[in-house]
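# Residue-level structure breakdown
This is what each chain is made of:
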Amino acid sequence: MFVAMNRFQVRRGQEDAFEKIWLSRDSHLEKVPGFVQFDLLKGPETEEYTLYASHSTWANRDAFEAWTRSEEFRAAHKGARPNTDIYIGGPKLELFDSIQKVKAQS
């Protein structure tokens, strides 16, 4: 299992705009081999920003890297541009290899 996360510091008052961008876009992820799941997470707030994270789970690192070179990736990011009025800085990409997985019992 492999997890890719982007963390975003969204300026206070811009949360609705940020969420609208994400909720209205077609990620094309469901078409990509090795894709498992995607979550958009809303985190803690400070006086300056609200922290968000995009969290995608993949079968393995190779599947994620193939996604970044795919037509689906290009389609999902087409027209993406920095919204400097929404963000403080750029997204921070974090990549993780899973070393343990615990599931709820059925």
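Check the entry above for the structure.
Calculation notes
Residues numbered from 1 in each chain as written. Predicted model: local features only at pLDDT ≥ 70, side-chain atom pairs only at ≥ 80, totals over all residues. Heavy atoms only, no water. Helix = DSSP H or I, 4+ residues; strand = E, 2+ residues; numbered from the N terminus. Contact = heavy atoms within 4.5 Å. Polar contact = N/O pair within 3.5 Å; in protein donor to acceptor, adjacent residues only side chain to side chain. Pairing = 2+ DSSP bridges. Axes fitted to C-alpha atoms, helices over the stretch in contact; angles between N-to-C directions. Salt bridge = Lys/Arg side-chain N within 4 Å of Asp/Glu carboxyl O. Buried < 20%, exposed > 50% of the residue type's maximum accessible area, 1.4 Å probe, protein only.

### Here's the deal with the environment of E15
Inspection of the secondary structure puts E15 in helix α1 (residues 15-24). Distance in space between the C-alpha atoms of E15 and K42 is 9.4 Å, their sequence separation being 27 residues. Once residues within four sequence positions are removed from consideration, E15 is found in contact with V10, T50 and Y52. Engagement of the side chain of E15 in a polar contact is seen with the side chain of T50, the distance being 2.6 Å.

### Quick look at the sheet that holds strand β2 (residues 35-45)
Strand order across the open sheet formed by four strands is β2-β3-β1-β4, with antiparallel pairing between neighbours. Strand pairing shows two members of the sheet lacking a second neighbour, β2 and β4 (92-97), which therefore form its edges. The sheet shows a mean angle of 20° between the axes of neighbouring strands, direction not considered. Looking at chain direction, strand β1 (residues 2-11) and strand β3 (residues 49-58) are connected through ten bridges and run antiparallel. Paired with A4 across the two strands is S56, which belongs to β3.

### Section: the pattern of salt bridges
In this structure the tally under the stated criterion is six salt bridges. Of the charged contacts, one joins E94 and R7 as a salt bridge, the two residues approaching to 3.8 Å between their closest N and O atoms. With a gap of 87 residues between them, E94 in strand β4 and R7 in strand β1 connect regions that are remote in the sequence. Residue classification places E94 among the partly exposed residues on the basis of a relative accessible area of 27%. With a relative accessible area of 33%, R7 lands in the partly exposed category. For R74, the salt bridge goes to E71, with nearest N and O atoms at 2.8 Å.

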